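Chain by chain, the residues:
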Amino acid sequence: MEKISVIIDGKVFEAEKDTCVLEVARRNGIYIPSLCYHGEVPSSGGSCRVCLVEAHQGGRMRLVTACNYPVRQGLEVKTDTPLVQRIRRGILELLLARVPNSEVIREMAAKEGVTEARFRKDEGESERYKCIACGLCTHVCAEVVGVHAIAMVGRGADKKPATPYDKPSDVCIGCGACAYACPTGAIQLKEKDGIRRIWHKDFEMVRCSVCGVPYIPKAQVDWIVKRTGKDRSFFDRCPDHR
Amino acid sequence: MTQELSKFDRIIERYERSEESLLAILQDYQREFQYVPEEGMRRLSEVMGVPLSKLYAMATFYKALSLVPRGRHTIKVCTGTACHLKGAPQILETLERELRVKRNGTTEDGEFTLECVNCVGACAMAPVILVDEVYHGQNRPSKVMDIIKKQVGS
Ligand code: SF4
Ligand code: FES
Ligand code: FES
């Protein structure tokens, strides 16, 4: 792997060529706000736009999304110039108008001094009231879990993650990875009496034979066993009691 | 059921088994059934090995594809600025009443789907309606039903 050096906010860092700016910044403790990117999810990023930074290279400056801009030798990144701040505030204001109920967005916006959106607020149905339609959940479902239970449905302002026909999906295993990955906590996952409910479907949970806590959907165990050939008895106990 | 499936298979068989064929197949569904039936989507997913979620995302993205049955004929009422001023609201009202259907709805007998569009580029003929893509201008509430009946021959 080729090592290069890149300048971020005046400091020089060494990094592997083509790592994204956001990763390099994170590893070195430099804050760039981000929502839709996850390092383990190949197609993630590039959607929410809050990670915009100035990229200076070859005498030119461009505003780029840090989460999918590759670092090259000679690149200089500025994460906090007046221009970046202004654009960032604009984006956060739009997000705030879209999901005024999201604590994550409210906090992130407040950090940049945005507390109120001038635009008409969107307080749609509860189902998507925190969703910024970034698509991360659907990428996780397709690329990390590999079941393709949900996808981005519709277009424009009505776009949302959903199962086909908003019905319980035949392929969903109830793993909850989508809910876990969602930056704004927009996906409902409820658990009661050993039953997990997510995406309109109920999942029977397997209980740990030691502590009795329901900890994994049976459908997820079936999926892992089928895919990896792991012994089913492995799942008799929760991670704390293995 | 088998018969149902084979009518989808007949369409699917016309194409190569590749991702590039998906949209064309959905378009053929639309043409043949006036909408994209859920069973047809499930069958396509099965035959092509493509996740249903992906097909559903496609079908909801393209405006040319409809997930609910559409009428045999489509009536589009232009509600652009010029047509609006020239009385499009009255035309629309008349059609909604006469056909007993709301905008974006389909009549009970499956004959007509009523839609609104914004300026079809024929403002000089305002107010304009399109019946299965045929333009009719200078409409009046009292005449509009006759024009439609004459064209579709009912
Ligand atoms: S539910 Fe969460 S992860 Fe999925 S699109 Fe909405 S904000 Fe993004
Ligand atoms: S984190 Fe970069 S665009 Fe969302
Ligand atoms: S407004 Fe109706 S054709 Fe232009």
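Everything quoted here is computed from the prediction, not taken from an experiment. (Residues numbered from 1 in each chain as written. Chains lettered and ligands numbered in written order. Predicted model: local features only at pLDDT ≥ 70, side-chain atom pairs only at ≥ 80, totals over all residues. Heavy atoms only, no water.)

Trainee: What am I meant to see in the nonpolar core here?
Mentor: Grouped burial of nonpolar side chains is what soluble globular proteins tend to show. All names here are of chain A. By size, the foremost hydrophobic cluster in this structure holds 39 residues, and its most contacted members are Leu 35, Val 50, Leu 95, Ile 132 and Ile 187. Elements that contribute at least two residues to this core include exactly α2 (82–98), α3 (103–111), α4 (136–145) and α5 (177–181). If we skip the residues at most four places from it in the chain, Leu 95 touches Leu 35, Cys 48, Val 50, Ile 105 and Ile 132. (Core = buried A, V, L, I, M, F, W, Y, C linked by side-chain atoms within 4.5 Å. Buried < 20%, exposed > 50% of the residue type's maximum accessible area, 1.4 Å probe, protein only. Helix = DSSP H or I, 4+ residues; strand = E, 2+ residues; numbered from the N terminus. Contact = heavy atoms within 4.5 Å.)

Trainee: Would you take a moment to explain the site of ligand 1 for this structure?
Mentor: All names here are of chain A. Residues in contact with ligand 1 amount to 13 residues; listed here are only the nearest, Cys 131, Cys 134, Gly 135, Cys 137 and Cys 182. Of the pockets mapped on this structure, ligand 1 occupies the second largest cavity. Among the residues forming the shell around ligand 1, the class breakdown is eleven nonpolar, two polar and no charged. (Near = heavy atom within 4 Å. 1 Å grid on protein atoms, 1.4 Å probe; cavity = no way out; pocket = protein on both sides within 12 Å on 5 of 7 lines; lining within 4 Å. Sits in = over half its atoms within 2 Å of the grid points. Nonpolar A, V, L, I, M, F, W, Y, C, P; charged D, E, K, R; others polar.)

Trainee: Even after reading the chapter, I still don't get the layout of surface pockets, so can you show me in this structure?
Mentor: One way to see where empty space is left: roll a probe the size of a water molecule over the atoms. Residues and elements named next belong to chain B. The computed volume of the largest pocket comes to approximately 900 Å³. Residue lining of the largest pocket: 31 residues in total, with Lys 63, Leu 65, Ser 66, Arg 70 and Glu 115 positioned closest to the centre. Every element with two or more residues in the lining of the largest pocket is listed here: α2 (21–33), α4 (52–61), β1 (73–78) and β2 (112–117). Here the lining of the largest pocket takes four residues from β2, the largest share from any one element. Taken together, the residues of the lining of the largest pocket break down into ten nonpolar, eleven polar and ten charged. Shared between two domains, the lining of the largest pocket takes at least three residues from each, and those domains are domain 1 (3–61) and domain 2 (73–152). (Points joined across faces, edges and corners; volume = space filled by probe spheres on them. Domains from an automatic or database assignment.)

Trainee: Before we go on, may I ask you to explain the sheet that holds strand β3 (residues 52–57) of chain A in this structure?
Mentor: Two modes of strand pairing occur in sheets, parallel and antiparallel, and in both the strands are linked by backbone hydrogen bonds. All names here are of chain A. The strand order across the open sheet formed by five strands is β2-β1-β5-β3-β4, and the pairing between neighbours is mixed. Each end of this open sheet is capped by a strand with a single partner; those strands are β2 (11–16) and β4 (60–65). Across this sheet, the average inter-strand angle for adjacent strands is 30°, counted without regard to direction. Sheet analysis places strand β1 (residues 3–8) next to strand β5 (residues 76–78), joined by two bridges and oriented parallel. By the bridge assignment, Ile 8 is partnered in β5 with Val 77. (Pairing = 2+ DSSP bridges. Axes fitted to C-alpha atoms, helices over the stretch in contact; angles between N-to-C directions.)

Trainee: So what exactly am I meant to see when it comes to the domain arrangement of chain A here?
Mentor: How big an interface is tends to be stated in terms of accessible area lost as the parts join. Residue and element names in this part refer to chain A. When the domains of chain A are assigned, the result is domain 1 (3–80), domain 2 (84–122) and domain 3 (127–241). A straight line from the C-alpha centre of domain 1 to that of domain 3 covers 31 Å. Facing the ten residues of domain 1 at the interface are nine residues of domain 3. For the domain 1 and domain 3 pair, buried surface summed over both sides reaches about 720 Å², with 71% attributable to carbon and sulfur atoms. Counting the surface domain 1 buries against domain 3, the share from its top three residues, Leu 35, Val 41 and Ser 43, is 54%. Across the contact surface, domain 1 and domain 3 share zero salt bridges. Its residues assigned to classes, the side of domain 1 that touches domain 3 comprises five nonpolar, four polar and one charged. (Buried area = accessible area lost by both parts, 1.4 Å probe. Salt bridge = Lys/Arg side-chain N within 4 Å of Asp/Glu carboxyl O.)

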